[in-house]
Amino acid sequence: MANAVENIIKTIYENYLPMEGAGKVADYIPPLAKVSPHKYAISVCTVEGEKFNIGDYTEKFSIQSISKVLTFSLLAPLVGEELWQSVGKEPSGSPFNSLVQLEYEKGIPRNPFINAGALVITDKLLEKVPNLNERLLLYVRELAGSADIDFNKEVADSEYATGERNKALAHLMKSFGNFNGKVSHVFRTYCNHCSIEMNTAQLAQSFLFLANGGINPLNGERVVSTRDTKRINALMLTCGLYDESGDFAYKVGMPGKSGVGGGIVAVIPGRLSIAVWSPELNRYGNSTRGIATLADFTTELGISVF
Ligand code: GLU
């Protein structure tokens, strides 16, 4: 598979490098608007330990909502089935920050990978994990095999200052009794988590445990159970790209998660993880070139989850 992967990502990269103006860089969190729309990187890690990279793969970017999978994975072993009384496991079919559905559904977010769902996960993590911010950074660094991963304070501060809609989601959930902590504290912690910066090589490595039955291949340690690995991958497949999840599953055929920083990470269980970064977003908030890259990748490789 090694030669095939190397050739395929090179061909795709050269093919899509000229693709510009295919979307808009996120600007509702002001520092994200400063990122060049031309950035483009692809990284692949296989469960056998091979790594392939092309483009701007040493440059870090804001992983934003991709952090929602990492925080959910950190919480999963600490909670039981009662979690699902507070958050659902169905695709939302609505924008990632929608208030309307949350009102109709009495403050229970559709799934952990939309903003409201991730805010509930952060609320629960704060109750269970002392020094959560430090713990999450250590967790991610261990998964990525790199100590060089941090929050970006400017991005976190900016989102905290401008994130009225996310605060509204949290207050709405609190009004329904589905939120325990102080909104300002939970939201600040959520902003820190979204502000984590990684390059595609680190990002692909940090998701490899989800292609490896829940075990971090770097140290052989179990991160999540095989049952939770199955569940997290299923949630990514059905809910990982907001209201574009169905289209992504149809075109790409891999469980994946996007972020408004322009990153998308995806896995083929038993085989590999792949991270793409290209900041121009489509109207759903997902990287346009990232989706095209991943669709061609599975088509050319002839392997997906289907
Ligand atoms: N921090 C962003 C927000 O809460 C994440 C959105 C995303 O990456 O999709 O709006």
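Located above this text is the structure these notes cover.
Presented here is an overview of the structure given in this document. In this text, all values refer to a predicted model and were calculated from it rather than measured experimentally.

**Quick look at the pattern of salt bridges**
Summed over the entire model, instances satisfying the criterion amount to 14 salt bridges. Where Asp-27 meets Lys-24, a salt bridge forms, and the shortest distance between an N and an O atom there is 2.9 Å. Its relative accessible area of 43% is what places Asp-27 among the partly exposed residues. Judged by relative accessible area, which is 53%, Lys-24 ranks as exposed. The partner of Asp-148 in a salt bridge is Lys-60, and the shortest N-O contact between them spans 3.0 Å. With Asp-148 in the loop between helix H5 (132-144) and helix H6 (153-162) and Lys-60 in the loop between strand E2 (51-55) and strand E3 (61-62), this residue pair connects regions lying 88 residues apart in the sequence. Within this structure, Glu-81, Arg-227, Asp-228 and Arg-231 form a network of salt bridges that share partners.

**Description of the packing of aromatic side chains**
Evaluated as defined, the whole model comprises six aromatic pairs. Ring centres of Tyr-13 and Tyr-40 lie 5.0 Å apart, and the angle between their planes is 15°; this geometry places the pair in the stacked category. Here Tyr-13 is found in helix H1 (residues 2-16), whereas its partner Tyr-40 is found in the loop between H1 and strand E1 (41-46), with 27 residues between them in sequence. On the basis of relative accessible area, Tyr-13 is assigned to the buried category, the value being 14%. Accessibility expressed as a relative area gives 0% for Tyr-40, which makes it buried. Aromatic pair Phe-72 and Trp-84: ring centres 6.0 Å apart, planes at 50°, arrangement tilted. Highlighted residues: Phe-72 in helix H2 (residues 67-75) and Trp-84 in the loop between H2 and helix H3 (100-104), separated in sequence by twelve residues. Each member of the pair Phe-72 and Trp-84 is classed as buried. Connected via pairs of aromatic rings, a cluster forms that spans Phe-72, Trp-84 and Phe-113. Against the face of Tyr-160 rests Lys-167, its NZ or CZ located 5.2 Å from the ring centre. Directly above the aromatic system of Tyr-40 lies the positively charged group of Arg-289, at a separation of 4.1 Å from the ring centroid.

**Side note on the site of the ligand**
As a matter of local geometry, the ligand sits amid 13 residues, with Tyr-28, Gln-64, Ser-65, Tyr-190 and Tyr-242 nearest to it. Tyr-28 is positioned such that a nitrogen or oxygen atom in its side chain is 2.7 Å from an oxygen atom of the ligand. A distance of 2.9 Å separates an oxygen atom of the ligand from a polar atom in the side chain of Ser-65. Here the ligand has 300 Å² of accessible area as a free molecule, and 99% of this is covered by the chains.

**Examining the environment of Met-173**
Looking at the element boundaries, Met-173 is found in helix H7 (residues 164-175). It is 9.5 Å that separates the C-alpha atoms of Met-173 and Leu-119, two residues lying 54 residues apart in sequence. For Met-173, the residues in contact, after removing those within four places along its chain, are Leu-102, Gly-107, Pro-109, Ala-116, Leu-119, Val-120, Asn-178 and Phe-179.

**Considerations on the nonpolar core**
Counting 44 residues, the largest nonpolar core has Leu-203 and Phe-207 as the members making the most contacts within it. The biggest single contributor to this core is H5, with six residues. Residues within four places of Phe-207 in sequence aside, it is in contact with Ile-66, Val-69, Leu-70, Met-236, Val-265, Val-267 and Ser-273. In terms of nonpolar packing, the next biggest core, distinct from the first, is built from 28 residues, Met-254, Ile-291, Ala-295 and Phe-297 among them.

**Topic: the sheet that holds strand E5 (residues 256-258)**
Pairing within the open sheet is antiparallel, and its five strands lie in the order E2-E1-E7-E6-E5. Single-partner strands in this sheet number two, and they are E2 and E5. With strand direction ignored, the average angle separating the axes of adjacent strands in the sheet is 10°. Strand direction decides the pairing type here: E5 and strand E6 (residues 263-268), joined by three bridges, are antiparallel. Across the sheet, the residue bridging to Lys-257 is Val-265, located in E6. Across the sheet, H1 lies against E1 and E2, angled at about 15° from E2, the strand it touches most.

Rules used throughout
- Starting from 1, residues in each chain are numbered consecutively following that chain's sequence as written.
- Thresholds applied to this predicted model are a pLDDT of at least 70 for local features of residues and 80 or more for the giving and counting of side-chain atom pairs; totals over whole chains, interfaces and linings are not thresholded and use all residues.
- Hydrogens are left out, water is left out, and the side-chain values use all remaining heavy atoms of the structure.
- One side-chain nitrogen of Lys or Arg within 4 Å of one carboxyl oxygen of Asp or Glu is enough to make a salt bridge.
- The rule is simple: take the accessible area with a 1.4 Å probe, protein chains only, and divide by the maximum for that residue type; under 20% is buried, over 50% is exposed, in between is partly exposed.
- Helix and strand assignments come from DSSP, with helices taken as H or I runs of at least 4 residues and strands as E runs of at least 2, each series counted from the N terminus.
- Only Phe, Tyr and Trp rings take part, Trp by its six-membered ring, and two of them pair if their centres are within 6.5 Å. Stacked means planes under 30 degrees apart, edge-to-face means over 60, and tilted covers everything else.
- For a Lys NZ or an Arg CZ to count as sitting over a ring, it must be within 6 Å of the ring centre and within 35 degrees of the ring normal.
- Whether a residue is near a molecule or strand depends on its heavy atoms: if one lies within 4 Å, it is near.
- Under this definition, polar contacts are N or O atom pairs within 3.5 Å; protein pairs additionally need one hydrogen-donor-capable and one acceptor-capable atom, and for neighbouring residues in sequence, both atoms have to be side-chain atoms.
- All accessibility values rest on the Shrake-Rupley procedure with a 1.4 Å probe; residue burial counts only the protein chains present in the view.
- Contacts are residue-level and defined by heavy atoms, with any inter-residue pair within 4.5 Å sufficient.
- Take the buried residues of types Ala, Val, Leu, Ile, Met, Phe, Trp, Tyr and Cys, join any two whose side-chain atoms come within 4.5 Å, and each joined set is a nonpolar core.
- If DSSP finds at least two bridges between two strands, the strands pair.
- With axes taken as lines fitted to C-alpha atoms, and helix axes fitted only over the stretch in contact, angles between N-to-C directions fall between 0 and 180 degrees.

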